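Survey of secondary and tertiary structure
What follows is the residue order along each chain.
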Amino acid sequence: MAQSNAALESIPALLARNAATFGDKAAYREKEYGIWQRWNWGQVAKEVEELALGFLNLGIHEGDFVAIIGRNRPYFYWAMAAAQSVGAIPVPMYQEQNAEEMAYVLGHCGARFVVAEDQEQVDKVIDVQDELHQFEHMVYIDPRGLRKYDHRRLHEFSHVQEQGRAARDEFLPELKARIERLNLDSTCVMLYTSGTTGKPKGVVLSNRNIITTAQSSCEFDNLGPGEDVLAYLPMAWVGDFIFSIGQAYWTGFCVNCPESPETMMTDLREIGPTYYFAPPRFFEGQLTSVMIRMEDSGRFKKWLFDKFMGVARKYGPDILAGKSVGLKGRISYALGNLFVYGPLKNTLGLSRVRVGYTAGEAIGPELFEFYRSLGINLKQLYGQTEATVYITQQPDSDVRSDTVGVPSPGVEVVIRDNGEVYYRSPGVFVEYYNNPESTADTKDAEGWVATGDAGYFEKDTGQLRIIDRAKDVGKMADGGMFAPKFVENKLKFFPDILEVVVFGAGRDMCTAFVNIDLTAVGSWAERNNVAYASYQELAGHPEVYSAIAEHLEEVNKSVAQDEMLSGCQINRFLILHKELDADDGELTRTRKVRRKIIGEKYADLIDALYSGKSEIYTETEVTYEDGRKGSISATLEIRDVPVVPVNQKVAAE
Amino acid sequence: MNEMTDNSTVGYTTEDGRKIGDTMMEMKKITLRFGGVVAIENISFDIHEGEIRAIIGPNGAGKSSMLNVISGFYNPQEGEVWFHGSKRPPMHPYQVAEQGIARTFQNIALFKGMSTLDNIMTGRMTKMNAGMLSQAIWWGKAAREEEEHRQRVEEIIDFLEIQAIRKTPVGRLPYGMQKRVELGRALASEPKLLLLDEPMAGMNVEEKEDMSRFILDVNDEFGTTIALIEHDMGVVMDISDRVVVMDYGKKIGDGTPAEVLANQDVIDAYLGVSND
């Protein structure tokens, strides 16, 4: 294939190759009307061509931005490829964003075209269209409820394709010419960062970024055209783009789209992906539900499960890593596989997973072990949008829960003096769109990019360990190092804790806000006959408080072990009366904590934590899903937690 | 019998520009008694094709009885029901259903142990023709027929966004979801006229919004005429084209939501009136 690679310089070129080499092979599946519908590469090429011709018919220019708003559906992936074919740039967006957030992104890139899923998304864009001077045409997929809308600028997806088909002779030469003009330096896609700090930035990725990254990552894990992936993570996220477009077009593997977000678990089971990605939160949710169901099952089943999970923990990871394991171990594990692991993996939809990745957040060691011991090849990956995902990843032979692996092929990684991780690779982004200052701040003249994360390489294994966001790593009043995420992650590994925010920069001690996990704590409440009417009531329950306090005490002991971070033990905490929510601006759309906003919004609670009070009354504004605002009030208890005394180091030492 | 009600029998255009057809159903001087109790007294009104028609009134006003007359569950002692231009003889509910009238119930009447899919499938009963033997051995016509019906049911499941509960026994579903399944079953018979008995009772604001959207979408997408009973005045005024107001078995108002809201008798019935 080496000689033909020269021409494969764009996504449309890869699509043409796939249609020519394996036109009959499944490219996309989507469950609709209860049945998996299937499109092969030949059909996809045709759908994309018709849509691209339709775009030309609507007057799309090279360099125009085409916003994509919707959940993972084949039509949107085609729309992206069609946009690329006509020389335009697709901008996938988070469909959960409210109209205001959308207005910012649409305005920032000046999108002339929008491809939206349904009435809900169309309405949002119509709401803000007066602010968008460059916006011209909107294409929608689901016509329901839209029949009576003004259709001067609104078009149904299938109609655009129909018109494209009708005007094929007229526009085909133009389309071909535009595809010809694409090369490795043309822009492939623009993805907006989730905006953990400040406004989202548009990351411009070229064909070179996407295609070289897809190639090297496929080689690293030996991915081929036979893989099946489930596309269920937001389309605006770089990971979905690299898996469902980059790698899928490079290898020709099949992208499967769930019927609806709620049916994702069933669809996962039916598809049984071979290559799979999920954030730790997702694995955690699955494990929690398995454990809850095991609690409810019969005594024999529970015994069987516990017994063989013990066997799995003992032998599973070694067997998976290909290390030598005695005959007894192998036989016990095979029995376990027959009785427990096999059926369990099948229920989880993970029977066929050959390569699985988790990234985005640290994963709990027990959680990680659980999946690995079942024989699922779950690995860690460290990356970001600016790197076209890959910075480091774990090879099959060396997988651990507390590191993120070795530099990916073609990537150079260094740790600078301040502890921040820098990298340079062919995947490094071109620029932040219309934002040269930020580009210059992040990427230097030699192409090194600051990750914003603090970390270090382990001396003996060469694996990278990430401690925290570099800017979140601060100093406490006594000069000790303060790394909130380090402590938060340890706490979040407890199934009944959903979210933690630790404070302590510039203070003499650390304190924390805790969000309980309603599923796990709710199940505990059910088993112990604890009645509650709301999240707030359950969160304030004295026994819940005691359980959380125990976790904190345990974590304090573990934190005290770390020489550098022993000052980060939690002295006092409270359980928040509401769940932190992206709608309230407290989390990003990818569910990362926005420390600054939380610090401002709950300033009264933080004061109380540091003023020695034992309870505090507070009122908080909340935003409902439809955008209306309300407020909730509560009196929160504040508890002290025992800490392990740390021996002060003598300065002279 | 050729007496006209207050309303014209020909179509009209609503404020938001929807075209409403001619009269589809006409109730003429209906009186319904249970022994000495007069549930409905001399009520006349009509339902136009493509319209969303609401029947409102305080508790015990006779709304559900009215719906039961339309669906053929009660036969009134006096008065006539005209459907598509001809007088309807006394009928059994199943015969009414075959005429293209479907309904949902105030106290959800689903098969609790059956899945959502199977419940909605029962809504296709009136459309199934294969013989018992053919169905039992699942061959030929029965198999073909079931596939067709299943497709239609899947379209409804997609329409109501209940894919995730397709295989869940309805008894395990929350109340709001059961209401949605019931609507799905009514839709499965592809009714020309859909009767909804308090579709939003016991729902929270979000569920009500969803249900309102579905009712509007059913009307818009399938052109189904809808007659509904509802307590929530806000919902009624938002989604219906014309409203009949009942109180103690009598009609005290009839017209567009705005007209009805301005009617003094209606205000008195809802807010009460002092007797001095």
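None of the values given here were measured: they were computed from a predicted structure.

1. Brief notes about the overall build of chain B
In terms of helices and strands, chain B carries 10 helices and 12 strands. The dimensions of chain B, computed from C-alpha atoms along their principal axes, are 70 × 45 × 40 Å. In chain B, the proportion of contacts linking residues at least 24 apart, taken out of those at least 6 apart, comes to 67%. For chain B, the exposed surface amounts to about 13200 Å²; the carbon and sulfur share of it is 52%. Side-chain charges of chain B comprise 29 positive and 43 negative groups, with the mean position of each set lying 6 Å from the other.

2. Points about the side chain of B:Glu51
Counting through the fold element by element, B:Glu51 comes out in the loop between β4 (37-48) and β5 (52-56). A polar contact is formed between the side chain of B:Glu51 and the backbone nitrogen of B:His48, at a distance of 2.8 Å.

3. Describing the interface of chain A and chain B
Counting residues at the interface gives 15 residues for chain A, matched by 17 residues for chain B. Between chain A and chain B, a total of about 1400 Å² is buried, with carbon and sulfur atoms accounting for 41% of that surface. In terms of surface lost to chain B, no three residues of chain A exceed A:Tyr33, A:Arg144 and A:Lys148, which account for 46% of the buried area on that side. Remark: the boundary between chain A and chain B carries five salt bridges.

4. Concerning the pairing of strand β9 (residues 202-206) of chain A
All names here are of chain A. Across the five residues of β9, five count as buried, placing the element largely inside the fold. Neither face of β9 is left uncovered, since the one carrying Gly202, Val204 and Ser206 and the one carrying Val203 and Leu205 both have all their residues buried. As paired elements, strand β8 (residues 187-192) and β9 share five bridges and run antiparallel to each other. Bridging from a neighbouring strand, methionine 190 pairs with valine 204 of β9.

5. A look at the domain arrangement of chain B
All names here are of chain B. Each assigned domain of chain B is listed with its residue range as follows: domain 1 (1-100 + 191-276) and domain 2 (117-188). The straight-line distance from the C-alpha centre of domain 1 to that of domain 2 is 28 Å. Taking both sides of the interface into account, the surface hidden between domain 1 and domain 2 amounts to around 1200 Å²; carbon and sulfur atoms contribute 77%. Ranking the residues of domain 1 by area buried against domain 2 places Met211, Phe214 and Phe222 at the top, with a combined share of 38%. The interface formed by domain 1 and domain 2 includes one salt bridge. Where arginine 180 meets aspartate 210, a salt bridge forms, and the shortest distance between an N and an O atom there is 3.5 Å. One can count three residue pairs in polar contact (both at pLDDT 80 or more) joining domain 1 with domain 2.

6. Observations concerning helix α14 (residues 365-373) of chain A
Along α14(A), the residues that are buried comprise A:Leu367, A:Phe368, A:Phe370, A:Tyr371, A:Arg372 and A:Ser373. Buried residues along α14(A) sit against α11 (280-296), α12 (299-321), α13 (327-348), β13 (355-358) and β14 (378-384) of chain A.

7. Thoughts on a negative patch on the surface
All names here are of chain B. A grouping of Asp118, Glu146, Glu147 and Glu148 is seen on the molecular surface, where their side chains present a negatively charged patch. The greatest single-element share of the negative patch, amounting to three residues, is contributed by helix α5 (residues 141-159). Tracing the sequence through the fold places glutamate 148 in helix α5. Judged by its relative accessible area of 55%, glutamate 148 is exposed.

8. Points about the domain arrangement of chain A
All names here are of chain A. Here the domain parsing of chain A yields domain 1 (4-196) and domain 2 (474-640). The gap between the C-alpha centroids of domain 1 and domain 2 is 42 Å. Facing eight residues of domain 1, the contacting portion of domain 2 comprises six residues. Both faces combined, the contact of domain 1 with domain 2 buries some 600 Å², and carbon together with sulfur accounts for 46% of it. Put simply, domain 1 and domain 2 have zero salt bridges between them. Taken together, domain 1 and domain 2 are joined by zero residue pairs in polar contact (both at pLDDT 80 or more).

9. What to know about helix α3 (residues 74-85) of chain A
Residues and elements named next belong to chain A. Between its first and last C-alpha, α3 extends 16 Å over 12 residues, near the 16 Å set by a 1.5 Å rise per residue. Burial within α3 is extensive, with 12 of its 12 residues counted as buried. Of all the positions in α3, only Pro74, Tyr75, Phe76, Tyr77, Trp78, Ala79, Met80, Ala81, Ala82, Ala83, Gln84 and Ser85 are classed as buried. Among the residues trailing α3, glycine 87 stands out with phi positive, at a value near 80°.

10. Topic: a nonpolar patch on the surface
All names here are of chain A. A surface patch of nonpolar side chains, about 530 Å² in accessible area, is lined by Leu327, Ile331, Leu335, Leu338 and Phe339. With respect to the helices and strands, leucine 335 occurs in helix α13. Overall, the relative accessible area of 39% leaves leucine 335 in the partly exposed class.

Criteria and cut-off values
- Residues numbered from 1 in each chain as written.
- Chains lettered and ligands numbered in written order.
- Predicted model: local features only at pLDDT ≥ 70, side-chain atom pairs only at ≥ 80, totals over all residues.
- Heavy atoms only, no water.
- Helix = DSSP H or I, 4+ residues; strand = E, 2+ residues; numbered from the N terminus.
- Contact = heavy atoms within 4.5 Å.
- Areas by Shrake-Rupley, 256 points an atom, 1.4 Å probe, with all protein chains shown as cover.
- Lys, Arg positive; Asp, Glu negative; His and termini not counted.
- Charge placed at Lys NZ, Arg CZ, Asp CG, Glu CD.
- Polar contact = N/O pair within 3.5 Å; in protein donor to acceptor, adjacent residues only side chain to side chain.
- Buried area = accessible area lost by both parts, 1.4 Å probe.
- Salt bridge = Lys/Arg side-chain N within 4 Å of Asp/Glu carboxyl O.
- Buried < 20%, exposed > 50% of the residue type's maximum accessible area, 1.4 Å probe, protein only.
- Pairing = 2+ DSSP bridges.
- Domains from an automatic or database assignment.
- Patch = residues over 30% accessible without salt bridge, like charges linked within 9 Å, V, L, I, M, F, W, Y side chains within 5 Å.
- Expected span 1.5 Å × (residues − 1).

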